[in-house]
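Structural overview for review
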Amino acid sequence: MQLLLCLSKPAQHVKKNPLMAASGSGSIMWFRKGLRIHDNPALEYASKGSDFLYPVFVIDPHYMEPDPKAFSPGSRLAGLNRIRFLLESLKDLDTSLKKLGSRLLISKGEPDKVLIQCLKEWGVKKLCFEHDTEPYYQALDIKVKEYTSAAGIEVFSPVSHTLFNPADIIQRNGGKPPLTYQSFLKLAGQPSWLSSPLLTSISSLPPVGDVGSCEISEVPTIKDLGYGDIEQEWTPFRGGESEALKRLKESVSDKKWVANFEKPKGNPSLFVKPATTVLSPYLKFGCLSSRYFYQCLQDVYKNVQKHTSPPVSLAGQLLWRDFFYTVAFGTPNFDRMKGNKLCKQGARSFFFKKGYRSLISSSFHNIIQDFALRMPSLNVVMIPWNDDDELLAAWREARTGYPWIDAIMVQLRTWGWMHHLARHSVACFLTRGDMFLHWERGRDVFERLLIDSDWAINNGNWLWLSCSSFFYQYNRIYSPISFGKKYDPNGNYIRHFLPVLKDMPKEYIYEPWTAPSGIQRKAKCIVGRDYPKPVVYHDSASKECKRKLAEAYALNQKLNGQLSQEDLDNLRRKLAQDEDPEPKIRRQRRKVGHLT
DNA sequence: GTGACGTTGTGTGA
DNA sequence: TCACACAACGTCAC
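Quantities reported herein were computed from a predicted structural model and do not represent experimental measurements. (Residues numbered from 1 in each chain as written. Chains lettered and ligands numbered in written order. Predicted model: local features only at pLDDT ≥ 70, side-chain atom pairs only at ≥ 80, totals over all residues. Heavy atoms only, no water.)

As a matter of local geometry, DNA strand B sits amid 20 residues, with Pro264, His420, His424, Ser479 and Ser482 nearest to it. In DNA strand B, atoms within 4 Å of the protein come from the sugar-phosphate backbone in 43% of cases. Separating a sugar or linking oxygen of DNA strand B from a backbone N or O atom of Ile477 is a distance of 3.5 Å. Within the side chain of Ser482, a nitrogen or oxygen atom sits 3.0 Å from a phosphate oxygen of DNA strand B. (Near = heavy atom within 4 Å. Polar contact = N/O pair within 3.5 Å; in protein donor to acceptor, adjacent residues only side chain to side chain.)

Okay, structure coming up:
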């Protein structure tokens, strides 16, 4: 309310038309993701044949308003970097809409309630919004469609966030999502829209109609949202479609770089000019169309002699995105370890008792019903992860004592973005590599702090990295010392994000606890005082993790993945009994060191 | 049932 | 720079 009051001002580009509601020629374009003008079929359809167009974005307080209890500045669900990125994206969209004779109408509240109020007040006959497969939006859309169906309002909700429609892929695979990238590629083939040009510009839009009694504001600032004066290091990446297209143009203009791109060969320690496009935050909010990006890449590939291919190529990265969207859409409880049992044993009851039947479009319902009968097939390994708030906080707050890990966590907090392999390093360290903590805890931290955090991709990658699903070679552990050193022997990345170590000689920068005390004094960094000692011994901790994973895998195999809570607890006790005490001893020493 | 395969590990030795 | 051991997983195609 405070926001609306302080921003209430006469709306520009708004034409009064008291007859509009009766004429029924108005449409609402409901922006959620898809914050762009180019390749936006919902916007295109909304503007066709409409005398008035209402471009609406609803600010959900859960997503935007300050939560003082959260572990970093921001709302309950999002860190401040991502909130700011979203506001910048909205501002850019508003500017673009104004150039086309329209504007963005910002409202605030529970999105479904606000939208239904707008639909009633404005008397429109058409509601357009981009289809979204995330559970949050699926549930939201059900509520809105219940109203539109009863009110006789046409709904147009095209798939334009991804290259393919996840439901189509699942249908083609007999009702199950493909579980490997290669099988996904085979099913997907070439996108149907690839041969025809996408609509990348619009010359004008219908004017905005009378907004009546609906509370509408301009795009708020961070301060308007109640954050006051914030002192923090902000992400260097600016939100919005204009910035996205500029970045895209820069990336694809280097044809040689695009043609030779191989994701696993990228250097995660580069930060002045990152080794990847950093287009992921723009794809996340739909400031950039993945289809337009894909088409631009195909144009480059056509004009070079040879180029890399999926999974490592740039186009392959967009296909990875679609792969995770597809598996996530076809897997109930994709974001949990413990939902798997429910999937395997009680898929029918899950779908039919929990109301998911109404959640899914009728055309897809038959497939899902069949899918439920066949049993969902994503195997999530049940692992008795440890629960240790102290270790989790050390990881989250960049004080593990391993500079490579801590520097990445500082980059996460300050930039909201890190290279993919840097994410692998810290995710492996938290889960199966060193700390043996639950991937869901790490997922929560990433989900909050990343500016590109995406429900399907984030959960998919945590399942992958923790060897819980998709990837199972738990012997392959990233070393918190040698992995970074291989790319950046001088430790420039560490020196930048952990200035406390900027004068540490390169011989010790990845393992400062090994530096002689004279060197530590000269570098003005005494380990245990200015920078923490390691919270675990990597050598023994990683061996312990491998042993635990081996036992957990064996039990999962024995019980065919059907572990009860009791089975997990028993295994946890057994693993603790057999545990090598060495990592714990180090933790005790560190703790004492901190207290004194 | 079997064999090939899997975007992105590390350390060692040639 | 490359091959190999490490130790061995699940998925897919046959």
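The next thing to look at is the packing of aromatic side chains. Here the structure, examined in full by the defined rule, presents 39 aromatic pairs. Note on Tyr136 and Tyr137: the rings are 4.9 Å apart at their centroids and 85 degrees apart in plane angle, and the pair reads as edge-to-face. Given the relative accessible area of 40%, Tyr136 is considered partly exposed. Between Trp464 and Phe471, the aromatic rings sit 6.1 Å apart at their centres with planes inclined by 5 degrees, giving stacked as the arrangement. (Phe/Tyr/Trp six-rings, centres within 6.5 Å; stacked < 30°, edge-to-face > 60°. Buried < 20%, exposed > 50% of the residue type's maximum accessible area, 1.4 Å probe, protein only.)

Moving on, we come to the protein's contact with DNA strand C. The environment of DNA strand C is made up of Leu179, Thr180, Ser183, Asn379, Tyr472, Gln473, Tyr474, Asn475, Tyr553 and Gln557. Sugar and phosphate atoms represent 89% of those atoms of DNA strand C found within 4 Å of the protein. Leu179 is positioned such that a nitrogen or oxygen atom in its backbone is 3.3 Å from a phosphate oxygen of DNA strand C. Note that a phosphate oxygen of DNA strand C is positioned 3.2 Å from one of the side-chain N or O atoms of Gln557. Of the residues belonging to the surface near DNA strand C, the class tally is 4 nonpolar, 6 polar and no charged. (Nonpolar A, V, L, I, M, F, W, Y, C, P; charged D, E, K, R; others polar.)

The next subject is the environment of Trp417. Among the secondary structure elements, Trp417 is positioned in the loop between helix H20 (403-415) and helix H21 (420-433). In contact with Trp417, other than residues within four places in its own chain, are Phe237, Pro274, Thr276, Val278, Ser280, Gln411, Leu412, Arg423, Leu450 and Asp452. (Helix = DSSP H or I, 4+ residues; strand = E, 2+ residues; numbered from the N terminus. Contact = heavy atoms within 4.5 Å.)

On to the environment of Ser251, then. In this fold, Ser251 is placed in helix H11 (residues 241-253). Sequence-wise, Ser251 and Thr276 are 25 residues apart; in three dimensions their C-alpha atoms are separated by 8.9 Å. For Ser251, the contacting residues outside a window of four places in its chain are Trp257, Val258 and Thr277.

Once that is clear, we can look at the confidence of the model for chain A. Overall, the prediction assigns chain A a mean pLDDT of 88, with 87% of residues at 70 or greater. For residues 1-23, every residue scores under 50 in pLDDT, and the model assigns this stretch 41 contacts once sequence neighbours within four places are set aside. (pLDDT = per-residue confidence, 0-100.)

Applying the stated criterion to the full structure yields 5 cavities of 30 Å³ or more. Roughly 50 Å³ of internal volume is contained in the largest cavity. Along its surface, the largest cavity is lined by His131, Asp132, Thr133, Val159, Ser160, His161, Thr162, Pro166 and Tyr325. No fewer than three residues from each of domain 1 (2-159) and domain 2 (162-197 + 242-331) sit in the lining of the largest cavity. (1 Å grid on protein atoms, 1.4 Å probe; cavity = no way out; pocket = protein on both sides within 12 Å on 5 of 7 lines; lining within 4 Å. Points joined across faces, edges and corners; volume = space filled by probe spheres on them. Domains from an automatic or database assignment.)

A few words on the pattern of salt bridges. Under the defined criterion, the tally for this structure stands at 27 salt bridges. The residue Glu134 makes a salt bridge to Lys33 at a minimum N-O spacing of 2.7 Å. Here Glu134, found in the loop between strand S4 (126-128) and helix H7 (135-151), pairs with Lys33, found in the loop between strand S1 (26-31) and helix H3 (41-47); they are 101 residues apart in sequence, far enough to count as distant. For Glu134, a relative accessible area of 12% puts it in the buried group. The buried category is assigned to Lys33, whose relative accessible area is 7%. Note that Glu88 is salt-bridged to Arg84, the shortest N-O span being 3.7 Å. Taken as a pair, Glu88 and Arg84 lie in helix H5 (residues 80-99) at a separation of 4 residues, close to a single helical turn. Given the relative accessible area of 19%, Arg84 is considered buried. Linked through salt bridges whose partners overlap, the residues forming this network are Asp94, Lys98, Arg103 and Glu218. (Salt bridge = Lys/Arg side-chain N within 4 Å of Asp/Glu carboxyl O.)

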